[in-house]
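Below, each chain spelled out in residue letters.
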Amino acid sequence: WRDMNLELLDPFRNSFPEVIEDTLEEGYATTCAFNRKGTLFATGCYDGRCIIWDFDTKGIATILKSKQVHPITSVAWSHNGKKLLASCNDYTVVVYDVLSGEAESVFSFSCVVSSVEMHPRDNSLCVLCPQLESPCLVRFDKVSHEKKVIPEVQEEMGREKKAPKNATGTVASFDRKGDRIFTGNSRGVITIVSVDKLEVLHHIKVSGGGMIKSIQFNRSSSGKDFLINSADRTIRLFTNPERIQDIEQLAEFTDPVNRMQWKKCGFSCDGGSSVPFIR
C-alpha cells in the first residue's frame, strides 16, 4: 500500500516539517523523546517533573510522580513503551512505570548522568553516560540494578591501547539491533563493544579528532548507517555493515558560512538520505 501511494506524493516535498505546527506549554522542558510508535511524547522539566503528552490531541496524558526536584538531563523510552528512564541533576536515574505514573526504582551515581538510552529490544537494559566516569551498561528491575563499565580504546601515536582511567567517554548508543554498543570519547575515537560479553570488537578514529557529542543510528528497517556529531562543527555519515571492519565514512556536513556547532542530528522519519539538522 505504501509503495502504491509513493507515485502520488510530491517528489519535491520534504519528509520533515518546515514550520512550527504547534507548541506544548507546560513547564520548562530541558529534554524530550518520542516513544517507539510516535504516539506519546515525554518531556523532562527543569523542576524535576516528567510529563507524558498525547501527541494526537496535544494534551497531557499523565505527569509522572517522583520526589525529584532537580532538572532532568535525559529521558528514554523502553521498547514496549511501558517504562521511562529519566536521569536527574542530583546524580540519580529514575525508572518510571508509565501506566501507573509511579517511580519503580531509583539508583544513584557519584556524578551527574548526562544521557540515558534504552536497549532497542530488551526492556530492562540501558546504557548510561556519567559526566566524570566511563559509560556503563545497566540491567535493572524493580528491586536492584547491575552496573558494568563499558571498555574503551584510544589511539595514540599509531598504537592501540586501553584508555587510561582519566579518559572517560562522552556518549554511548546501541546500534539498530542492539547487538553492539558504540561509545565516543573526547579524543574523537569511536569504540565498538559487544553487548553480551562487553568485548572491544573494533574502534574508529574520526578525522578531525574532536570530541564526540552524539551518535545517531538509522532506526528504520532498512537502515544501515549512522551519524556522528563532533566538536569540530562537523557531522559525519558512516555505513553500519554487518562486518564492522568495513565501516567507512560516506559524507560530511558542515556550516561553511557561520561555522556554528551542531546541537542535534538525526534521520528523517522514513530513514531516507535526507538528514535534518538543528543548530
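For the structure, see preceding data.
Notes on the structure in this doc start here. (Residues numbered from 1 in each chain as written. Predicted model: local features only at pLDDT ≥ 70, side-chain atom pairs only at ≥ 80, totals over all residues. Heavy atoms only, no water.)

1. A short note on the pattern of salt bridges
- Considering all chains together, one arrives at eight salt bridges under this definition.
- The salt bridge involving Lys-148 is made with Glu-146; its shortest N-O contact spans 3.9 Å.
- Residue class for Glu-146 comes out partly exposed when judged on its relative accessible area of 43%.
- For Glu-242, the salt bridge is made with Lys-177, and the minimal N-O distance between the two is 3.3 Å. With Glu-242 in the loop between β21 (234-239) and β22 (249-254) and Lys-177 in the loop between β15 (169-174) and β16 (180-185), the pair connects residues that are 65 residues apart, well separated along the chain.
- For Glu-242, a relative accessible area of 59% gives the class exposed.
- Ionic contacts of the salt-bridge type, sharing partners, join the residues Glu-26, Asp-47 and Arg-49 into one network. (Salt bridge = Lys/Arg side-chain N within 4 Å of Asp/Glu carboxyl O. Buried < 20%, exposed > 50% of the residue type's maximum accessible area, 1.4 Å probe, protein only. Helix = DSSP H or I, 4+ residues; strand = E, 2+ residues; numbered from the N terminus.)

2. Some details on the sheet that holds β16
- A sheet is described by the order of its strands in space; here four strands give the open sequence β15-β16-β17-β18, paired in antiparallel fashion. Edge positions in the sheet fall to β15 and β18 (200-205), since each has one partner strand and no second. Taking each pair of neighbouring strands and ignoring which way they run, the sheet shows an average axis angle of 20°.
- Of the strand pairs in this sheet, β16 and strand β17 (residues 189-194) are connected by five bridges, and their pairing is antiparallel. Its bridge partner lying in β17, Arg-180 is registered against Ser-194. (Pairing = 2+ DSSP bridges. Axes fitted to C-alpha atoms, helices over the stretch in contact; angles between N-to-C directions.)

3. Looking at the side chain of Asn-218
- Its place among the elements puts Asn-218 in the loop between β19 (212-217) and β20 (225-230).
- In terms of polar contacts, Asn-218 uses its side chain to reach the side chain of Asp-225, at 3.1 Å. (Polar contact = N/O pair within 3.5 Å; in protein donor to acceptor, adjacent residues only side chain to side chain.)

4. Some remarks on the sheet that holds β22
- Strand order in the open sheet formed by four strands is β19-β20-β21-β22, and the pairing between neighbours is antiparallel. The strands lining the two open edges of the sheet, one partner per strand, are β19 and β22. If you compare each strand with its neighbour and ignore which way they point, the axes differ by 20° on average.
- Where β21 meets β22, five bridges bridge the pair, whose relative direction is antiparallel. Note that in β22 the partner of Thr-234 across the bridge is Thr-254.

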